[in-house]
Amino acid sequence: MLQKLKKIDGPVIFILVLLMAISIITVYSAGRGPTNIAEHGNDYQKMIGYYILGFVAVLGLAMVDFRIFIKKALYVYGGGIFLLALGFFGGTVNNSQGFLKIGGLNLQPAEVFKLVLIIFLAYMLIKKRKSKLYFIQDVLPVALVSFVPFAMVMAQNDLGNALGYIVIVLGMLWIGNVKASHALIGFTIFAVAAGGGIKAYISFHDQIDTFMKGIGRSHWVERLDPWLVPEEATAKASYHTKNAKLAIASGGMMGKGFLQGTSVQSGRVPYTYADSIFVVVAEEFGFVGSSVLLLLYFILIHRMILISLECRDRAGPYLIVGIVSMLLYQIFENIGAFLGIMPLTGITLPFISYGGTSLLINMASIGLVMSIKVHGQELEDDLPQPSRVNLTKAKKA
């Protein structure tokens, strides 16, 4: 075990410690405001506990050969689907259904399934080795097994995590060597669909608004309006992002100082302890503090990519690219929403926002990366082998 511990990537652990410090400081500050002190004043203490569990998960998973999860991927996927199904009987938080109360933790299966999806897609893709992915035989099955959880999470009214599944699939298909022509066609279809959807939303805004109210999804309109049609957005819809932008801008270069953020401490920005925690960083620590946070994210992802390049096993790079895709989406979506370049979807900021499930899944993901660092230099042995059909195609290519 000592030899394995020595192989763990030190810089990654150091970055996690720094992110923990930032998280505890900002969650503490967010909980001091008059609107949060009663309910969230002790959240920073809970985050300390979650981080302790998280580091246990990192070290524990680092000791386990990651290929065990690949071999048991079918069971992992089945268990993940079962958890998502249980979510339909869970509680609702901020309009999103699917929270299971376990002790003092609100477990969100949609968060858990991100890691489940990464493991199962890696299991599917390692069978192809370096052969091109073909649409019918390869891409379509990946799309089908991903659509099931996507539809379930959308039905639970969790748009943010559902979109995260799509990003994970796209990232893993790309590293899986999808054909360039298929990638180009897919990108074109996506661009046309996105452009057409935005145009339709703007042109038929009133009809869409009425329809969404009829199906109980009016809050989707409230999140999209400030992004796409700010002139049509109600005061309630634009309140969150408008005040967040003002708070970020007021931070200036060096920020107003710890516990001195006027917008944060006055409660003008909602959910500063969770989804809006970047606003705390930007207002109280300014551009410099925000840049330090982004630099830590960059170094963390850079170290993970280096580990994938050093890995001699087929499954390791797939898992790491899936995890990197997941984290990049969360970072870009969360921060972009408060800068006005992305819609507000309620995604947490990795390793910083308050939230037990989110933090533990992100820490478990890093634990999986550490397992790849520790065990990835060993040659693969009994992982699922590529089919003869794919080997024949690879030789012909």
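Residues take numbers from 1 onward in each chain, read along the sequence in its written order. Where local features are concerned, this predicted model is filtered to residues with pLDDT of at least 70; where side-chain atom pairs are given and counted, the filter is 80 or more; whole-chain, interface and lining totals use all residues. Calculation of side-chain values draws on the structure's entire complement of heavy atoms; hydrogens and water are dropped beforehand.

Peer 1: Which parts of the structure should I look at to understand the overall build of the chain?
Peer 2: Helical segments are the DSSP runs of H or I of at least four residues, strand segments are the runs of E of at least two, and each set is numbered from the N terminus. Regarding its fold elements, the chain presents 18 helices and three strands. This radius of gyration counts C-alpha atoms alone. The globule rule is 2.2 Å times how many residues there are, raised to the power 0.38. At 22 Å, the chain has a C-alpha radius of gyration in line with the 21 Å of a compact globule built from 397 residues. Principal-axis analysis of the C-alpha atoms gives the chain an extent of 65 × 55 × 40 Å. Within the span of the chain, comprising 397 residues, buried residues form 50% of the whole. Of the contacts formed within the chain by residues at least 6 apart in sequence, a portion of 76% connects residues at least 24 apart. Accessible areas in this description were obtained via Shrake-Rupley with a 1.4 Å probe; residue shielding takes into account the shown protein chains only. Total accessible area on the chain stands at roughly 18,300 Å², and carbon and sulfur atoms take up 69% of it. The chain carries 33 positive and 23 negative side-chain charges, and their two centres are separated by 9 Å. Working definition: with a 1.4 Å probe on protein chains only, accessible area under 20% of the residue-type maximum means buried, over 50% means exposed, and in between means partly exposed. Only heavy atoms enter the contact rule, under which two residues are in contact if any of them lie within 4.5 Å. The sign given to each residue is positive for Lys and Arg and negative for Asp and Glu; His and the chain ends receive no count. We put the charge of a Lys on NZ, of an Arg on CZ, of an Asp on CG and of a Glu on CD.

Peer 1: Which parts of the structure should I look at to understand the nonpolar core?
Peer 2: In globular proteins that are soluble, nonpolar side chains generally tend to be buried together. Put simply, buried Ala, Val, Leu, Ile, Met, Phe, Trp, Tyr and Cys residues joined by side-chain atoms within 4.5 Å make one nonpolar core. The biggest cluster of nonpolar side chains holds 101 residues, and the ones touching the most others in it are Leu19, Leu121, Met304, Leu319, Phe351, Ile366 and Met370. It is helix 7 (residues 109-125) that contributes the most residues to this core, 14 residues altogether. Apart from the residues lying within four places of it in its own chain, the contact partners of Leu121 are Val142, Val145, Ser146, Ile168, Val169 and Met172. Grouped together as the second largest cluster of nonpolar side chains are six residues, Met212, Trp220, Val221 and Val229 included.

Peer 1: I keep staring at the packing of aromatic side chains and nothing clicks. Help me out?
Peer 2: Ring pairs (aromatic) are described by centroid distance and by the angle formed between their planes. Centres within 6.5 Å are what make two rings of Phe, Tyr or Trp a pair, Trp counting through its six-membered ring; a difference in plane orientation under 30 degrees is then read as stacked, over 60 as edge-to-face, and the rest as tilted. Evaluated as defined, the whole model comprises 12 aromatic pairs. With a centroid separation of 4.9 Å and an interplanar angle of 85 degrees, the aromatic rings of Tyr28 and Tyr44 are classed as edge-to-face. Taken together, the positions of Tyr28 in helix 2 (residues 10-30) and Tyr44 in helix 4 (residues 43-63) put the pair 16 residues apart, joining distant regions of the chain. Connected via pairs of aromatic rings, a cluster forms that spans Tyr77, Phe113, Phe120, Tyr123 and Tyr165. In our convention, an over-ring charge means Lys NZ or Arg CZ found within 6 Å of a ring centre and within 35 degrees of that ring's normal. For the cation-ring pair, Arg32 lies above Tyr28, with the distance from its terminal atom to the ring centre recorded as 4.3 Å.

Peer 1: Hey, could you run me through the side chain of His205 in this one?
Peer 2: Looking at where His205 falls in the secondary structure, it is placed in helix 11 (residues 205-214). A distance of 2.8 Å separates a polar atom in the side chain of His205 from a polar atom in the side chain of Asp225. Those residues in contact with His205, other than ones at most four positions away along the chain, are Ala200, Val221, Asp225, Val229 and Glu232. Counted as a polar contact is a pair of N or O atoms within 3.5 Å, where, for protein atoms, one must be capable of donating a hydrogen and the other of accepting one, and residues adjacent in sequence contribute only when both atoms are in side chains.

Peer 1: Mind showing me how you'd approach unusual backbone geometry here?
Peer 2: Among all residues save glycine, negative phi is the norm, and among peptide bonds the norm is trans. Its identity is not glycine, yet Leu259 carries a phi of approximately 70 degrees, on the positive side. For Leu259, the position within the fold is in the loop between helix 13 (235-250) and helix 14 (262-266). Phi at Tyr271 takes a positive value of approximately 55 degrees, unusual for a residue other than glycine. Among the structural elements, Tyr271 can be located in the loop between helix 14 and helix 15 (277-310).

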